[in-house]
Every structure is written in structure tokens, then in C-alpha cells.
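Results of the structural survey
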Amino acid sequence: MFITNHANKRLLQRTKITPLEFRKILEEKRFLPYHQTSTRTYGLVYDYNKDSHCVAVCSASNEVVVTILPTESKVEHGREVRYIRHKKKIHTFSPDQLQIAVMFERYGQETWG
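On a predicted model such as this, the values are computed, not experimentally measured, just so you know.

Pairing in this open sheet of four strands is antiparallel, and the strands run 1-2-3-4 from one edge to the other. In the strand order of this sheet, the two ends are held by strand 1 (32-36) and strand 4 (65-70), each with one partner. Strand-to-strand twist in this sheet, taken as the mean axis angle between neighbours without regard to direction, amounts to 25°. Sheet analysis places strand 2 (residues 40-47) next to strand 3 (residues 52-59), joined by eight bridges and oriented antiparallel. Directly across from Tyr42, in strand 3, lies its bridge partner Val57. With respect to the sheet, helix 2 (residues 19-27) is in contact with strand 2, strand 3 and strand 4, its orientation differing from that of strand 4 by roughly 105°. Strand contacts of helix 3 (residues 95-107): strand 1, strand 2 and strand 3, with the helix running at about 75° to strand 2, the strand carrying the most contacts.

The following block contains the structure:
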């Protein structure tokens, strides 16, 4: 899987994952695919080093990673909620999605998928 220069820059700015570790995560499918459009695929990645999540945005046609989006968090009704802002839209992740992404990062999709 190819990662654009832009995505590598965002990876280094927004996570503590090295490009080599990130490529291994993608190759071993240790991420949670959660949304697809006609042009993009979105995958939730757990950053073990930072104990946080990020989103890899890939081209749907050739699986090139085009950017990395950071997740943000807020507290609603006494619990933490993680979300991303992308193109003026907000996508909120369920606790199950976040936990599955952690399990995928540690063990891969084949074990948990």
C-alpha cells in the first residue's frame, strides 16, 4: 500500500506512529474499516504509542493513503466521546468501534474480524 508524502507528513504531525509502523499496520490489516464512499475508504487506526486513534483516508480505486485525520474527544453525559471533523461533517465513533480498533491493532482483523 502506497502512502502519499502528504499522508506521511500528517502521520508524523498527528500521531506517534512511524511511517514504517504505519505501513505494517496497513499491510497486516490492523485497522477498522468503517466508512466508504465512491472515492474514499476510511479506516480507524489505534495509535498504541499515544493511546489515541486516528483515521487513514484512502483512495477507493487504488488504496493509496491520501491523508491522516486526528480524532478529537469531548465529554458528553459523563463519558468521553471520540469523533473526527471532515469536510464540515462530524463522525462520532461508538465505544465498540474504538475497542475493536484497539483489538485489530494488537491482533489483526483475522483474529477479531
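Now that the structure has been shown, we can carry on.
With that settled, consider the nonpolar core. Where a protein is soluble and globular, its nonpolar side chains tend to be buried together. Phe22, Val45, Val65 and Ile68 are the most contacted members of the largest nonpolar core, which has 14 residues in total. Breaking this core down by element, the ones donating at least two residues are helix 1 (5-14), helix 2, strand 3 and strand 4. Each residue touching Ile68, except ones within four places of it in the same chain, is listed here: Ala7, Arg10, Leu11, Arg14, Thr15, Phe22, Cys54, Val55 and Ala56. Formed by 12 residues, the second largest nonpolar core is a distinct cluster that contains Tyr34, Val55, Val57 and Leu98.

So, how was this worked out
Residues numbered from 1 in each chain as written. Predicted model: local features only at pLDDT ≥ 70, side-chain atom pairs only at ≥ 80, totals over all residues. Heavy atoms only, no water. Pairing = 2+ DSSP bridges. Helix = DSSP H or I, 4+ residues; strand = E, 2+ residues; numbered from the N terminus. Axes fitted to C-alpha atoms, helices over the stretch in contact; angles between N-to-C directions. Contact = heavy atoms within 4.5 Å. Core = buried A, V, L, I, M, F, W, Y, C linked by side-chain atoms within 4.5 Å. Buried < 20%, exposed > 50% of the residue type's maximum accessible area, 1.4 Å probe, protein only.

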